[in-house]
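# Close look at the chain arrangement
This is what each chain is made of:
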Amino acid sequence: MSNQQTVLRVQTNNKTQVMVTGNTLVYAAVPVPTGVTYGGSGTQASPLTGSTSTASAGGGSILDNIEFRFSGDTATFYYTIDSTTAPTGVPYQNFFSSVAFDNKNAVGTYQDIGIRKLEGSFTVTNGEIIRLYAEYVGCTGVTFSVYVVPESVPLVKQPTTYQNLDLSGDIPIKISKSFAEIEDISKRNSDYSLGLILPGSKKNNKFFEDYFNVDTQSLFFNATLRVPCDVLIDDQRYFNGYMKLNKVSVMNSMVEYDVTLYSNVGDLFGKIGNNLLKDLDYNSIDYRFNHYFSIYNTVADWNYSILQSNSIAPPLYFYPIVHNGYDYIQVSGETQVNITGTPITNVTRLYDSTVVGSYANTGAFTAAGGVEGRINSPTKPLLDNQLKPALNIWGLIQLMFAGFN
Amino acid sequence: MSTFYYPAQYANGLNSNSQIRRSADMIYQRGGTYEVILRGDTYYQSMSLNVDLFADDNYVGRMSVVPYDVLQSGSTPDFIYTYKFNVRPYQYLSNYVQTEHYQYYHKNDWFTTNNIININNPYPNNVKFHMEYGWTYIDNNNVSQTESGGGPSNNYNHFTDIPYGAALTGFTASGFTNTGKYFDYVGGSFQMDTDHYLLPNFDQEVGTAMGTGSTVNTISSNRTLSPMTQFLMSNPTLPEPAQTSRFLTDAPRIQYVQSDDNYVLYYLAGQTGDRQVIPADYLVLQFYNSSNVRIDYVQQQLTFSGTTYESPTGFTDNLRVFNLPVGPADISNLYSDVDWSTVDYYTAQIFYGLPTDDPDRVATGPVGPLSEAFSFYVVDNCLPENTRVAFLNARGGFDYFTFTAYRQDTTKIKTTTYDSRYYSPDLSSPDRNFGRSVKTFDTNVDYDIVIESDYITVQQSKWLEQMFYSPQVYIMGKDYISPLDRQDKYYKDMLPVTVTSTEVETFTKKHKKLNKYRITLRTANNFFVNKGF
């Protein structure tokens, strides 16, 4: 008999069976930028639509930081920004959209450049603000159309409640924390885990909904989901983590639930589990790697302003020059790099042979053997297949934390 | 498009004969089957029945039941398929039946006490249950199909005859009436063999008059086969048949109590789910001296005209277990001052009354008895070995028994110490005053109690055996007033214990047997010690 009272407190199963469509409101913050007119209620049936007629300084039109604000339930925000009225052959189109939470700049941005009709979606939450900035050169008829589709929410919203499960004894808590090996984070799955056998008392049977009974369906309790739990000692939280049901054993009329408590420390790795990089949410608002594959997006990050930036949040993707490797041939029975073969375009080199020299014009350069697609070409120094997409590891790690935390 | 429906045997809508049953039942039992019959024009192997379970109108769970039998009838191409499902919700619902002995009552205030221990009792040891069902299957395109597109929505109703209605419906299943969806499960247990319900199939429900059509005229036209019926006495005959009883106990109806003992009777009252009102209007206590002359009489009105337990409205299912304190200490504290020195024995009995329009809602009565009479012989034990034990019995009430022969308390103490090499150069007092070098930092106490009964009869022994396997056993002290609470609030002194071992010594003389029990109890609460240093 111990004087110490250990209590296993678990979060009550969510008894919200009836799901209904949520209620989310989207509206453009006033004052809207000059020259922009809009109408509609922001629903799918009646999108919030608008257009601009004011020419920007460059002779086009501009949607200058229109703020869309959201209130209510979590929803999906769909947008269409259409500049297809722009004349073809416009040398430069620029589209830029910015996403901000709680009016803080530079938290989560997403840009797509050079897309005449941009369509997509974000998940938005209550109180969130999305800023839209779009600039089109040579175009005066830009229209936008946005609406929200609320997610399903429980009809009866219940606050998080807790209940105490029956234990067959004190929970044996032993603290042995140590500096973990940093080399292998997977070995740090959790600070510690704790196996417990819970008796099949009425209270526990209620919580696990008679999981041993093959006739019953799990209605509120889900064995595949983790149950947030605490271990309390004298009403103080001593262990915080989650509980997982491993198995149920029935011997005669004695029911026992075999559970494991996992500490929240190192929970990230437990959550990542067997997921791979491909399982990340690449449509996240904050870390959005998806983009239209266009010449504008491909070269956008080569802009000097980006390369000079000292921001801790560099572009999420980049198209570096990636040398594909050499063409190998057999010369006198040996494998060698083909540097002399013909035709000359088969030779994979960054530079062509006419490295040195000055030429009066492009024609003279070409006549002297200069080739487009070589980096010393004054006109087209790169072949398009030499720019390969690359993802920002910083962004990927951020996305992991955002998705699994 | 496949169509399915629940066929009705008669115009009254009876789907299965298992619906012919009383609504009240004991929850701890084997079987308890509810049959649902579904008929349709298509056979689906995946056909199952979703059953939503409701405890006290709260949605608490769902069962998914596969058919135990599928029948094909008709001829091609118009085959008819009949699916039969058995639903067994008892085990699941038993989690929602909670019981505790009541903790306190108010001196000389039966109304407040009644509200505390009965009307607002958080552990009433019964649950009002209903269930809703609906079919579901996965069609040939792997699409899940459910009835009416949503959750289960068909109530499972019970059917009973109305034996004393203005227009008799007859004792045939076709004349039975749909009496609604609510079932009352009481936290009692029920054994097939020892309770004389020897049915060949354990899964067969108890309380149903078996058969089809007009075969209800079995030995029991009023469904007395239900194990609960004997506790739902609303129309007693006098003297009461031996097999009926009102109080939820198997205790001998003659009890021996001491003049400061507590004793509580438990009974069911209210309206059942099948709308039979089980009244309990008056407690009648009659006191006798050794010459069998009645020397005192006390009546206490239990329910009042116009209240929900006296006059339930049409659909109200308010059947529940009631506590009725009737021990000598309870009588003195709650109902009346009685001179116990002159009382040799007394009886306790429930009576009914007649509702009136009295502004104080006082009923007219007591009119006639509604229960057997419990007799209490007041015998004070002068020895100090009294150990009164309260335990949850098999019927859902608590029983009380005093062990008077012997008691031995054993305290096993385990201490853990540590060495403390105390040395302090800045203290000048003699070292021996505080020079303790072995200090105790943990003390564990196991508190065992061995008690013995007197020689008791075999009949009493059979009843007392319920204590040995009871999940709730307490050593019961005298009522006390807590220093933390108000003066007129009497608390029960209930020390939780578990029965760890039992020995019996049998004394046989000619054809009479007497048993003497020796029981080891271990206290089931934590023992706190002064931590000292």
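Conventions used here
Residues numbered from 1 in each chain as written. Chains lettered and ligands numbered in written order. Predicted model: local features only at pLDDT ≥ 70, side-chain atom pairs only at ≥ 80, totals over all residues. Heavy atoms only, no water. Helix = DSSP H or I, 4+ residues; strand = E, 2+ residues; numbered from the N terminus. Contact = heavy atoms within 4.5 Å. Areas by Shrake-Rupley, 256 points an atom, 1.4 Å probe, with all protein chains shown as cover. Core = buried A, V, L, I, M, F, W, Y, C linked by side-chain atoms within 4.5 Å. Buried < 20%, exposed > 50% of the residue type's maximum accessible area, 1.4 Å probe, protein only. Polar contact = N/O pair within 3.5 Å; in protein donor to acceptor, adjacent residues only side chain to side chain.

## Re the overall build of chain A
- Of the regular secondary structure elements, chain A holds six helices and 23 strands.
- By sequence separation, contacts in chain A at least 24 residues apart represent 71% of the contacts at least 6 residues apart.
- In the structure as shown, chain A presents an accessible area of about 22,900 Å², 54% of it carried by carbon and sulfur atoms.

## So, the nonpolar core
Residue and element names in this part refer to chain B.
- In this structure, Leu 285, Leu 324 and Tyr 346 are the most contacted members of the largest nonpolar core, which totals 72 residues.
- A per-element tally of this core places strand 16 (residues 264-271) first, with six residues.
- The residues touching Leu 324, leaving out its near neighbours within four places in the chain, are Trp 110, Tyr 263, Val 264, Leu 265, Tyr 267, Leu 283, Leu 302, Tyr 335 and Ile 350.
- Ile 27, Leu 49, Tyr 83 and Tyr 137 belong to the second largest nonpolar core, which has 33 residues in total.

## Quick look at the side chain of Thr402(B)
Residues and elements named next belong to chain B.
- Relative to the assigned elements, Thr 402 resides in strand 25 (residues 398-403).
- Among the polar contacts made by the side chain of Thr 402, one reaches the side chain of Arg 388 at a distance of 2.6 Å.
- Not counting residues within four places of it along the chain, the set of residues in contact with Thr 402 comprises Gln 258, Asp 261, Asn 386, Thr 387 and Arg 388.

## What to know about unusual backbone geometry
All names here are of chain B.
- Omega for the bond connecting Thr 76 with Pro 77 falls within 30 degrees of zero, at 0 degrees, which places this linkage in the cis form.
- Omega for the bond connecting Gly 365 with Pro 366 falls within 30 degrees of zero, at -5 degrees, which places this linkage in the cis form.
- Structurally, Pro 366 can be placed in strand 22 (residues 364-369).
- Positive phi, normally seen in glycine, also occurs at Arg 275, with a value near 65 degrees.
- Mapped onto the secondary structure, Arg 275 falls in the loop between strand 16 and strand 17 (277-278).
- Its identity is not glycine, yet Asn 292 carries a phi of approximately 65 degrees, on the positive side.

## Things to note about the side chain of Asp330(B)
- Here Asp330(B) is to be found in helix 3 (residues 328-335).
- In contact with Asp330(B), other than residues within four places in its own chain, are Tyr102(B), Tyr105(B), Asp261(B), Asn262(B), Tyr263(B), Pro325(B), Tyr335(B), Asp479(B) and Lys492(B).

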